[in-house]
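What follows is each chain in one-letter form.
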Amino acid sequence: MASDKVIGIDLGTTNSCVAIVEDGTPSVIPNRGGYKTTPSMVAIAENGKRLVGHIAKRQAITNAENTVYAAKRLIGRKWGSAAVRSSLEIMPYRIVEGPHDDVRIMLRDQVFSVPEVSAYILQEMKLISEEYLGEEVPKAVVTVPAYFNDGQRQATKDAGRIAGLDVIRIINEPTAAALAYGFGRNIERKVAVYDLGGGTFDISILEIGNGVFEVISTAGDTFLGGEDFDRRIIDWLVFGFEKQHGIDLRKDKMALQRLKDVAEKAKCELSSVKETEINLPFIISTGRNEALHLQTMLTRDKLEELTSDLIDRTVEICARTLEEAEIQKSQIEDVILVGGMTRMPRVQSAVAEFFGLEPCKGVHPDEVVALGASIQGAALTDEKSDILLLDVTPHSLGIMIVGGYFHKLIEQNTTVPTSEQHVFTTVKDNQTSVKILVLQGESDRAEENELLGEFVLTGLRRAPRGEVEVEVMFHISADGIVSVKARDLETGLEQSITVTATSGLTEDEIKKMVEANKDYMVEVRSGQEFDKARHAAEKALEEIEALFPQVTDIIAGSDFGQDAVKKARAVVDRTRTAIAAKDLTTLTEATEALNRTLNMFRGVVSKTRG
Amino acid sequence: MSNVPAEIAGIGSTQQRLRVSPGFDPLKAAVGPEEYFVLSRIDGTQPLREILLNSGLPVDRCIAIVTRLRSIGALLLPGEAAAPAAAAPAKTSSPIAISRAPTPMKPMTGSGTGPVKRPSASFPAVADAPRRAAPAQSSDPPTTGPVAAAPMIAQHDLRLVKPSPEELAALAEHNDLGDAERRLILAIARLVESRADAYALLGVPAQTDVRDLKRAYFQLSKEIHPDRYYGRKLGTFGDRMALVFEACARAYARLTGGERARASSPAAQDDDQPQTQQDYAAELFDRACNVEIGGDALGAMKLFAAAIRVDPQLRYLRRAANCALIAGQPRTALEYAKKAQMQAPTDPSAARLLATAFRAAGKLSDAEDVLVMAMALKTENDALAAELRHDLAEVRRLLAAP
């Protein structure tokens, strides 16, 4: 029987982390290498093999074009979105347009959807926890940035499905962090979560008391994260190099990848030391067969100077969020820092300065989100859990009305579950149908908001405009599923939708991917067995080849000997064919025959010697 | 001309000069465009007869409208001080063109309080203000534990006196809930249905302070939030629980103030508060929106202009610019769009509006400049990014054309 354990996965832009609550205690599950986080990277190697995590990261320099990182920036995005535009410029891998105005990634001539790529990472996290727990783990709570819209959340859920995971809940990263912070502590206070991760910045305000976590307000910037800090360092290096040598390193993909690695490393080092040496020998070769090196010092002060505006922006967003929630800075009793970037001393001091208090040091910025996700998983499924998360809807919901305006029915930051209804009337004489466009966003213009779905209510009575009344009802369930119903108040006729597939993948596509991935899992597992068999066969082949001349000399004289050598040859060939065909069953059979022959050969040789 | 009667039933002589009742809120009453139009003519100086003749509407129609306005408490006769009983306030009107208060999502039986259809589930607190001071009748004396000094916990009457057949069926139904859990949900459902005030709904005494309210609400949430029953068979209690929790969350939001409270129940503010300049502008703005939706963009422009004179905030400027475009006043649109963009220089949406206004005013290269700039402003709003791209392509096409 499959366990009812629920893992919590922090699917990060740069790193992912998985945790589980066991015997009431949440803990992070280390991967095979003993690391608590796994790089969110997927690559296709030259032999067509799929590589995930640390292995993918290690080969990223030499295989940059086929290594995907920061796929989270693309998930659930439209082809024309700003995120995709900027990724097109900076990502070494190929991003192409998908069939539904979505985004696909091309690796070695194979096209992958973004949820597929994310699925490989989720699958890796699933495997890590299954190896650790020794049983299958079918369910997960996955975190996303607070600012993710419905499409991005849906796409993340799809990724879970492709990975063979039932994602029972999507929660916001800062919320998860607060859960981990408040877990097991009897506290009653208002806290701010400052989350500066690899790709996004989020700020959330929560009220904690008696095991209940109420999200009051949440906001953020999806274009602000550790990678922007890295890019500042890269730009600085590139600029310096260009000034010295007149060569733009960004044009060379391999050089760019090395710059990326070194920038990230330098940034991390400068959190603990005051200066660090950047050394990239043979970074590029000039046309005259001569290699250039990049060597320079980067100080913490310089880094802070390069990135001060980024930090200022996060502080501005904090101020705005507090203002919108009508909360005074002085009401915040603790600040939780989340995300690797919050290790930077300047970030910590900026936060302390703004809130007027030292940020909480008790939580691990890289692990806290996964821990929180696992706590929510347990809160939902474990009856002993005494935790309740009162989550909010991150964006306003409404419909389009005459004039192309957006009429909000549910405001952002409203606690879910929630519902709201409103009566609308017809705008034309003898109007017999109304089209309901369900939108999500904050703009007052309908077209500037995300379209979640649409439907038509027909059969309205012919009447002068304004006479026929249609009631529109919105409902958001506790797990964030939006349903919309429209009812003709006169006839009681109804029409409704539940907002689901907006991730850029159709149901059919997802089903196919789920199937394909299952095959892949079988392939990987049998592949490992095959490797073992091949290894054994190759060893036997090596030995038998070595013995052939001797054996032939000895037995070729007899009639049977000729036949035996021929047969032995055939067995050897059969084994080689089986290896080439990667067919485990034939190989097993052939190896058996091969070993029999080998034993005979050994016998012949030793007999002669003896 | 002569078909204006000397008297109208329920109002009297058409020579009277009627006034608009000062407390009357056309938004809450959700009047239609024609009604609003007639209402705007009534100024206390013109005799009713003049208004009937000059409205441009058929006299019969106009009389019917005046009669209706009078019946909903909009109009005062000379000498009258207060409006006759008005219809219940409706939620903010608006859009596809609006009419009146929403009806309950699931009308419940046995309510019987008042003839006005109100959504008991969703707006429990709206009309409760006058009753707030009254002690929470329906939550009766707590049945368990001492009241004094103990930490605040929500107390509801779980006895379910005289259960309805529906309640009896619910109590007997086969599901995973315990008796106390069922009783609590049914008890709160009763309060929702009877439109008990926010305090009663949360099971706390009236005027409980914010801190205790929070504790009571948190504790109650642990018992009635659907997540606490995740994966369990709930039967008919699934819907009931969502309904009950939503009502409590709303009650809590309303009592503790903050943006969410106002967002979800705009009518919650006290009426006797003096109106500020901002409130006045907001009212003008709401009226303008209504007039615009009623199809009178030109008329709406005057009201938008008035609202902006009092309080030139971004939202008003944007809407006014949009309306001006619809009204065919590109120069006015451009003026407002420029002001809006100045207030939000890094907002791509404001830039897009400015570009649209430039385009309408025939200044294509200005539109292109603004759009290119807007594209450079990164936005997480994909829909907006797509619109910008589309607009830019369009403008460039127009620029390329001879």
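None of the values given here were measured: they were computed from a predicted structure.

## Examining the nonpolar core
Moving on, step 1. In terms of nonpolar packing, the biggest core is built from 69 residues, with Val472(A), Phe474(A) and Phe304(B) touching the most fellow members.
Moving on, step 2. Once residues lying within four places of it in the same chain are set aside, the contact partners of Phe474(A) are Leu397(A), Gly398(A), Ile399(A), Leu409(A), Ile410(A), Thr418(A), Ser419(A), Glu420(A), Val438(A), Ser483(A) and Val484(A).

## With respect to the sheet that holds strand β9 (residues 103-107) of chain A
All names here are of chain A.
Moving on, step 1. Reading across the sheet, the 3 strands line up as β8-β9-β10 and stay open at both edges, with antiparallel pairing between neighbours. The sheet terminates laterally at β8 (94-97) and β10 (110-113), the two strands that pair on one side only. The mean angle between the axes of side-by-side strands here comes to 40°, regardless of whether they run parallel or antiparallel.
Moving on, step 2. Pairing analysis gives 4 bridges linking β8 to β9, with the strands arranged antiparallel. From the neighbouring strand, valine 96 faces β9, where its bridge partner is arginine 104.
Moving on, step 3. With respect to the sheet, helix α3 (residues 114-133) is in contact with β9 and β10, its orientation differing from that of β10 by roughly 80°.

## Things to note about the interface of chain B and chain A
Moving on, step 1. At the junction of the two partners, chain B supplies 61 residues and chain A supplies 74 residues.
Moving on, step 2. Here chain B packs against chain A, burying approximately 5800 Å² in sum over the two surfaces, 49% of which is carbon and sulfur.
Moving on, step 3. Our count for the chain B to chain A interface comes out at 12 salt bridges.
Moving on, step 4. In this structure, Lys222(B) engages Asp386(A) in a salt bridge whose closest nitrogen and oxygen atoms are separated by 2.9 Å.
Moving on, step 5. Applying the counting rule to chain B against chain A returns 22 residue pairs in polar contact (both at pLDDT 80 or more).
Moving on, step 6. Every element with two or more residues in the side of chain B that touches chain A is listed here: α8 (210-224), α9 (237-256), α10 (258-264), α11 (277-293), α13 (314-326), α15 (348-360) and α17 (382-400) of chain B.
Moving on, step 7. Among the elements that line the side of chain B that touches chain A, the one with the most residues is α8(B), at 7 residues.
Moving on, step 8. Partitioned by chemical class, the residues of the side of chain B that touches chain A number 23 nonpolar, 15 polar and 23 charged.

## Notes on unusual backbone geometry
Residue and element names in this part refer to chain A.
Moving on, step 1. For the bond running from valine 416 to proline 417, omega is 0°, close enough to zero to count as cis.
Moving on, step 2. By the secondary structure assignment, proline 417 is in the loop between β21 (405-410) and β22 (418-425).
Moving on, step 3. Although it is not a glycine, alanine 70 sits at a positive phi angle of roughly 55°.
Moving on, step 4. Tracing the backbone through its elements, the reader meets alanine 70 in the loop between β7 (67-68) and α2 (82-90).

## Here's the deal with empty space enclosed by the protein
Residues and elements named next belong to chain A.
Moving on, step 1. Counted under the stated rule, the structure contains 10 cavities of 30 Å³ or more.
Moving on, step 2. Roughly 130 Å³ of internal volume is contained in the second largest cavity.
Moving on, step 3. In terms of lining, the second largest cavity is formed by 13 residues, of which the most central are Thr14, Met41, Lys57, Lys260 and Glu264.
Moving on, step 4. Of the residues forming the lining of the second largest cavity, the biggest block, 4 residues, is contributed by helix α7 (residues 253-269).
Moving on, step 5. Residue composition of the lining of the second largest cavity, by class: 4 nonpolar, 4 polar and 5 charged.

Cut-offs applied
Note that residues are indexed from 1 along each chain, following the sequence as it is written. Chains and ligands are labelled sequentially in the order written, the chains with letters from A and the ligands with numbers from 1. The predicted nature of this model means local features are confined to residues of pLDDT at least 70 and side-chain atom pairs, given and counted, to a pLDDT of 80 or more, with totals for whole chains, interfaces and linings taken over all residues. Excluding hydrogens and water, the side-chain values take into account all heavy atoms of the structure. In plain words, nonpolar cores are sets of buried Ala, Val, Leu, Ile, Met, Phe, Trp, Tyr and Cys residues tied together by side-chain atoms within 4.5 Å. Throughout this description, buried means an accessible area under 20% of the type-specific maximum (1.4 Å probe, protein chains only), exposed means over 50%, and partly exposed covers the range between. Contact criterion: two residues are considered in contact whenever any of their non-hydrogen atoms come within 4.5 Å of each other. For two strands to be treated as a pair, DSSP must find no fewer than two bridges joining them. Each helix is a run of DSSP H or I of at least 4 residues and each strand a run of E of at least 2, with the numbering of both proceeding from the N terminus. As a rule, the C-alpha atoms of each element are fitted with a line to give its axis, helices using only the stretch in contact, and angles between N-to-C directions run from 0 to 180 degrees. Two parts placed together each lose some accessible area under a 1.4 Å probe, and adding up what both lose gives the buried area. We count a salt bridge whenever a side-chain nitrogen from Lys or Arg sits within 4 Å of a carboxyl oxygen from Asp or Glu. Two N or O atoms count as a polar contact when they lie within 3.5 Å, although within protein this holds only if one can serve as hydrogen donor and the other as acceptor, and sequence-adjacent residues are included solely when both atoms are side-chain atoms. Think of it as three bins: nonpolar holds Ala, Val, Leu, Ile, Met, Phe, Trp, Tyr, Cys and Pro, charged holds Asp, Glu, Lys and Arg, and polar takes everything else, Gly as well. Each cavity reported here is a set of points on a 1 Å grid over the protein atoms alone in which a 1.4 Å probe fits but cannot get out, each pocket an open set with protein on both sides within 12 Å along at least five of seven lines, and each lining residue one with an atom within 4 Å of a point. Grid points are joined across faces, edges and corners, and a volume is the space filled by probe spheres set on the points.

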